[in-house]
Amino acid sequence: MDFQSANPAHVAILEALHQACFPPKEAWSAAFFKGQLALPGTQGWVGLVPGPAREGEPIGLCLVRSQPGFGSEPGECEILTLGIVPAWRSRGHGGKLLAHALKEPMRRRERILLEVEADNLPAKTLYHHMGFREVALRPGYYGQGRDALLMACQPGT
């Protein structure tokens, strides 16, 4: 997988990817992506198909937001969204995209947080594999009967 840093010129691509990856009521708009990318500490990436056959086709996205720490304390990073279009899932692309997005937060030893739907076994498996641990349950976070797990990873521990 190849990676392209996302900026406001990519909001239509980010919107299309998010619509392909998430249920219609949960998909983010181009305007929402534009607002997120304008916030301090927010970075985004588009995952692209490697190889000559379909090289450059966008197949995934990831947005993260880092907050600086105080003094010598490391900051925190939140994974805002991560998605791989369904036809490209279960091939390791999500892990590659996430690892790329977290290079700098890991280097800075930031605590990394995310929410994931409690019933999303493939995503939870990926996050556990990447060193995340469940720290809290948020009942109804995604709607009635759809709980979220808050997960955290502390690099270097």
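Everything that follows concerns the structure shown earlier in this document.
Parameters and conventions
Residues numbered from 1 in each chain as written. Predicted model: local features only at pLDDT ≥ 70, side-chain atom pairs only at ≥ 80, totals over all residues. Heavy atoms only, no water. Buried < 20%, exposed > 50% of the residue type's maximum accessible area, 1.4 Å probe, protein only. Helix = DSSP H or I, 4+ residues; strand = E, 2+ residues; numbered from the N terminus. Pairing = 2+ DSSP bridges. Polar contact = N/O pair within 3.5 Å; in protein donor to acceptor, adjacent residues only side chain to side chain.

**Examining the pairing of strand 4 (residues 76-84)**
Line of reasoning, step 1. For strand 4, the tally of buried residues reaches seven of nine residues, placing the bulk of the element in the interior.
Line of reasoning, step 2. As defined by bridge partners, strand 3 (residues 58-67) adjoins strand 4 across eight bridges and the pair is classed as antiparallel. Across the sheet, Leu61 pairs through a bridge with Gly83, a residue of strand 4.
Line of reasoning, step 3. Across three bridges, strand 4 lies against strand 5 (residues 111-117) in parallel orientation. Paired with Glu76 across the bridge in strand 5 is Arg111.

**Observations regarding the side chain of Glu117**
Line of reasoning, step 1. Among the structural elements, Glu117 can be located in strand 5.
Line of reasoning, step 2. At 2.8 Å, the side chain of Glu117 and the side chain of Arg146 are in polar contact.

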